[in-house]
Amino acid sequence: KNQVEQSPQSLIILEGKNCTLQCNYTVSPFSNLRWYKQDTGRGPVSLTIMTFSENTKSNGRYTATLDADTKQSSLHITASQLSDSASYICVVRDKLIFGTGTRLQVFP
Amino acid sequence: DAGVIQSPRHEVTEMGQEVTLRCKPISGHDYLFWYRQTMMRGLELLIYFNNNVPIDDSGMPEDRFSAKMPNASFSTLKIQPSEPRDSAVYFCASSSGVKAANEQFFGPGTRLTVL
């Protein structure tokens, strides 16, 4: 069964701290994995895309990793800011399977 | 570009009423997607179009849901009759091409509440 599971479901951290979000998938065939950020009341916005051959990719303070063997991806946020408060959604293609997301709250 | 435009942003209706959600994709994009998002199930793909033609509607929950794309700049998602379990946020997204690497750009969503 094609599934994308994200953990934790929710996370609270203090501003300036780092955090890591997890995404495990059992989707086949695999084309790529994309991380979206969804602010409250807005549509998701793409942060980064990982293909089969990529292990690590950074976008500013966001760093995504992919282990295609274990079918796991992580999104690491460095030096968190209040504006990082959002839901982070992992999406695996080729079949467009969405995870249910991790809700991150950053407090001052 | 204004991005994907959806209307209305909020809709409150009573059970049994017809609901029509509207979407204007990004100009030049040839793929349009309709999604539904709930807390329990996350984002679910309902249907997508290529060049105004429905390609895959396997995600449409039942016959009460229908979607049309009469031209390249407009699409509707209709629910008739609506039920309380249809309450969710409905997103429209568009992309240029449907290759796995092509990014989808999402609209702001329509929050539907069926009483």
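S.K.: Explain the side chain of Asn50 of chain B here, please?
M.R.: All names here are of chain B. Assignment of secondary structure puts Asn50 in strand β5 (residues 42-50). One polar contact links the side chain of Asn50 to the main-chain carbonyl oxygen of Asp30, over a distance of 3.2 Å. What Asn50 contacts, discounting residues up to four positions off in sequence, is Asp30, Tyr31 and Ile55.

S.K.: I keep staring at the sheet that holds strand β7 (residues 62-67) of chain A and nothing clicks. Help me out?
M.R.: Paired through backbone hydrogen bonds, the strands of a sheet run either parallel or antiparallel to each other. Residues and elements named next belong to chain A. With antiparallel pairing, the 5 strands of this open sheet are ordered in space as β1-β3-β8-β7-β6. Looking along the sheet, the strands with just one partner apiece sit at the ends: β1 (4-7) and β6 (56-59). The sheet shows a mean angle of 15 degrees between the axes of neighbouring strands, direction not considered. Sheet analysis places β7 next to strand β8 (residues 72-77), joined by 6 bridges and oriented antiparallel.

S.K.: Is there a simple way to think about the packing of aromatic side chains in this case?
M.R.: Any pair of aromatic rings gets described here by the distance separating the centres and the angle formed by the planes. Taken as a whole, this structure holds 11 aromatic pairs over all chains when the rule is applied. Each ring, one from Tyr31 of chain B and one from Phe33 of chain B, has its centre 6.5 Å from the other, and the planes form 25 degrees; the classification is stacked. It is Arg61 of chain A that lies over the ring of Tyr62 of chain A; its NZ or CZ is 5.7 Å from the centre.

S.K.: Would you explain the interface of chain A and chain B in this entry?
M.R.: Frequently, the measure chosen for interface size is the accessible area that the parts lose on association. Facing the 17 residues of chain A at the interface are 20 residues of chain B. Overall, the association of chain A and chain B removes approximately 1300 Å² of surface from exposure, summing both partners, and the carbon and sulfur fraction of that is 54%. Taken together, the connections running from chain A to chain B amount to 2 residue pairs in polar contact (both at pLDDT 80 or more). When residues of the side of chain A that touches chain B are traced back to their parent elements, those giving at least two are β4 (32-38), β5 (45-51) and β9 (86-93) of chain A. Top contributing element to the side of chain A that touches chain B by residue count: β4 of chain A, with 4 residues. The residue inventory of the side of chain A that touches chain B, partitioned by class, reads 6 nonpolar, 7 polar and 4 charged.

Calculation criteria
Residues numbered from 1 in each chain as written. Chains lettered and ligands numbered in written order. Predicted model: local features only at pLDDT ≥ 70, side-chain atom pairs only at ≥ 80, totals over all residues. Heavy atoms only, no water. Helix = DSSP H or I, 4+ residues; strand = E, 2+ residues; numbered from the N terminus. Polar contact = N/O pair within 3.5 Å; in protein donor to acceptor, adjacent residues only side chain to side chain. Contact = heavy atoms within 4.5 Å. Pairing = 2+ DSSP bridges. Axes fitted to C-alpha atoms, helices over the stretch in contact; angles between N-to-C directions. Phe/Tyr/Trp six-rings, centres within 6.5 Å; stacked < 30°, edge-to-face > 60°. Lys NZ or Arg CZ within 6 Å of the ring centre and 35° of its normal. Buried area = accessible area lost by both parts, 1.4 Å probe. Nonpolar A, V, L, I, M, F, W, Y, C, P; charged D, E, K, R; others polar.

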